[in-house]
Amino acid sequence: MQLQLRSLRQTRQGGAARVQPCTHSVRPVQFARRPQFSTDIKASATPTAPAGSKTVQPEKDVPGMSSFLDSLKWDKNNLVAVIVQHIDTGEVMMQAFADRAAISETLQTGLATFYSRSRGGRWCKGETSGHFINVFNVFTDCDRDSIIYLSDPIGPACHTGARTCWFKEVELQGQEGAAVSHAGAHDDGGDHVPRTTLLTLERTIAQRREAMKLPSDGSKPSWTARLLGNPELLCKKIREEAGELCQTLEADEGRERAASEMADLLYHAMVLCNLQGVAMEDVLRVLRKRFTQSGIEEKAARPPKAAE
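Residues numbered from 1 in each chain as written. Predicted model: local features only at pLDDT ≥ 70, side-chain atom pairs only at ≥ 80, totals over all residues. Heavy atoms only, no water.

S.K.: Before we go on, may I ask you to explain helix α7 (residues 280–289) in this structure?
M.R.: Since the α-helix packs 3.6 residues into each turn, any two residues three or four apart lie on the same face. Within the sequence span of α7, burial applies to M280, E281, R285 and R288. An end-on view of α7 places all buried positions within 135 degrees of arc, on one side of the element. (Buried < 20%, exposed > 50% of the residue type's maximum accessible area, 1.4 Å probe, protein only. Helix = DSSP H or I, 4+ residues; strand = E, 2+ residues; numbered from the N terminus. Arc of directions from axis to C-beta.)

S.K.: When you look at the packing of helix α3 (residues 197–211) against helix α6 (residues 255–276) in this model, what are you seeing that I'm missing?
M.R.: Helix packing geometry: the angle between the two helix axes and the distance between the axes. Interhelical geometry of α3 versus α6 gives an angle of 55 degrees and a closest axis separation of 10 Å. Between α3 and α6, the interaxial angle falls into the category oblique. The hand of the α3/α6 crossing is right-handed. Residues L198, L201, E202, I205, A206 and R209 of α3 touch α6, and the partners they reach there are L266, Y267, M270, V271, N274 and L275. Along the lines of polarity and charge, the residues of the contact of α3 with α6 split into 9 nonpolar, 1 polar and 2 charged. (Axes fitted to C-alpha atoms, helices over the stretch in contact; angles between N-to-C directions. Parallel < 35°, antiparallel > 145°, perpendicular 65-115°, else oblique. Left-handed = near helix turned anticlockwise from the far one by under 90°. Contact = heavy atoms within 4.5 Å. Nonpolar A, V, L, I, M, F, W, Y, C, P; charged D, E, K, R; others polar.)

S.K.: Which parts of the structure should I look at to understand the packing of helix α5 (residues 231–250) against α6?
M.R.: At a closest axis distance of 9 Å, the pairing of α5 and α6 adopts a crossing angle of 155 degrees. With respect to α6, the axis of α5 lies roughly antiparallel. Crossing hand, α5 versus α6: left-handed. Here L234, C235, K237, I238, E241, A242, E244, L245 and T248 of α5 lie close against α6, whose contacting residues are R257, A258, E261, M262, D264, L265, H268, A269, V271, L272 and L275.

S.K.: Where do I start with the confidence of the model for the chain in this structure?
M.R.: Keep in mind that low pLDDT regions are not for reading the predicted coordinates in detail. Residues with a pLDDT of 70 or more make up 81% of the chain, whose mean pLDDT is 83. A low-confidence stretch, residues 1–47 (pLDDT under 50), is modelled with 147 contacts involving residues beyond four sequence positions or located in other chains. (pLDDT = per-residue confidence, 0-100.)

S.K.: Where do I start with the side chain of R288 in this structure?
M.R.: Of note, R288 is situated in helix α7. Its relative accessible area of 12% is what places R288 among the buried residues. In terms of polar contacts, R288 uses its side chain to reach the side chain of D88, at 2.6 Å. (Polar contact = N/O pair within 3.5 Å; in protein donor to acceptor, adjacent residues only side chain to side chain.)

S.K.: In this structure, what is going on with helix α2 (residues 100–109)? I would like to understand it.
M.R.: α2 sits mainly inside the fold: 9 of its 10 residues count as buried. Looking only at α2, the buried set comprises A101, A102, I103, S104, E105, T106, L107, Q108 and T109. Following α2 by one or two positions, G110 has its phi on the positive side, about 75 degrees.

S.K.: Whenever I open this one, the sheet that holds strand β5 (residues 133–140) confuses me. Can you help?
M.R.: Backbone-to-backbone hydrogen bonds join strands into a sheet, with any given pair of strands oriented parallel or antiparallel. Here we have 4 strands laid out as an open sheet, ordered β2-β1-β6-β5, and mixed in their pairing. Of all the strands in the sheet, just β2 (92–98) and β5 have a single pairing partner and so form its edges. When strand polarity is set aside, the average angle formed by the axes of neighbouring strands in this sheet is 25 degrees. As judged from the 7 bridges shared by β5 and strand β6 (residues 146–153), these two strands associate in the antiparallel manner. Across the sheet, N134 pairs through a bridge with D152, a residue of β6. Contacting β1 (80–86), β2, β5 and β6, α2 crosses the sheet at an angle of about 40 degrees to β6. (Pairing = 2+ DSSP bridges.)

S.K.: In this structure, what is going on with the environment of R226? I would like to understand it.
M.R.: Along the chain, R226 falls in helix α4 (residues 223–229). Sequence separation between R226 and R209 is 17 residues; the distance between their C-alpha atoms is 9.9 Å. Sequence-distant contacts of R226, that is, excluding residues within four places in its chain, are made with P221 and L233.

S.K.: What should I look at first to understand the nonpolar core in this one?
M.R.: When a protein is soluble and globular, its nonpolar side chains tend to lie buried together. Within the largest apolar cluster, 23 residues are counted, with the highest numbers of intra-cluster contacts made by V84, I103, F114, I147 and Y149. Elements with a minimum of two residues in this core: α1 (65–70), β1, β2, α2, β5 and β6. No other element matches β2, which puts 4 residues into this core. With 13 residues, the next largest nonpolar core counts L201, I205, L234 and M280 among its residues. (Core = buried A, V, L, I, M, F, W, Y, C linked by side-chain atoms within 4.5 Å.)

The following block contains the structure:
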């Protein structure tokens with residue numbers, strides 16, 4: 001079956017002070033290779049709020065820290081831009097600034113720490129709201145003047161309460177006499193949030209399910225709605241699509257055919273996940289946790305299935 005699905009969205013018309021150490025803790029940071037702070041840090045593996053205290057060592061006492069920080073290209077206020085990206089979904093969550101002490105603290109604690117220009121000092125995200133951001137990896141760009149904190153946020157990243165700080169979309173609508181539209185709000189359900197292809201598909205499926213609760217207008221239901229309303233048909237299609245994907249290998253049907261069948265299987269599996277209340281973020285988190293575990297060991301550790 002060739003997947004054909006359009007989202008509902010597509011069908012509409014038209015001078016820094018030195019910061020103080022964070023007083024919260026996560027699991028000890030394990031660096032895969034010292035002193036390459038720009039690419040590898042390991043922090044808390046689960047999104048749980050920090051507790052207790054952790055001593056942040058002075059920059060000079062951490063091997064390689066000063067040389068790494070010296071290598072960054074600081075602006076006139078001795079700051080660099082920091083982007084927080086979700087480690088599982090790829091979402092861009094927020095943007096802020098950091099000075100030397102903030103980056104040093106982040107690398108040592110695994111908690112996203114910044115320099116607040118409005119407060120004029122250190123800002124460990126979550127100390128007030130409880131919405132801490134666990135940082136797993138830190139990356140620099142080619143010019144070394146901006147940073148990515150690859151992270152797993154605890155709760156909303158935006159001070160407005162939105163999941164991400166980006167929720168307003170700019171478009172040029174119409175042909176002749178086109179006008180710029182700037183729409184979106186932090187509480188609008190995320191219609192204008194930038195999403196990856198996978199998350200856009202997930203949202204489209206969720207919208208189809210919500211539309212099923214509305215009175216019928218007499219039009220033919222979408223394929224997604226049919227699947228959502230008929231679990232037996234859905235499971236049948238998943239098994240069928242899995243077989244067709246295997247057939248691409250067995251019959252040497254080529255890369256394009258394999259990609260097409262994988263897209264079909266993924267779509268139908270995501271419809272099933274919607275019915276089960278399973279978000280793609282949950283699936284991706286499970287996959288991430290398996291990176292450091294043998295597949296054989298993981299399967300052996302699974303509880304036995306109940307006898308039929």
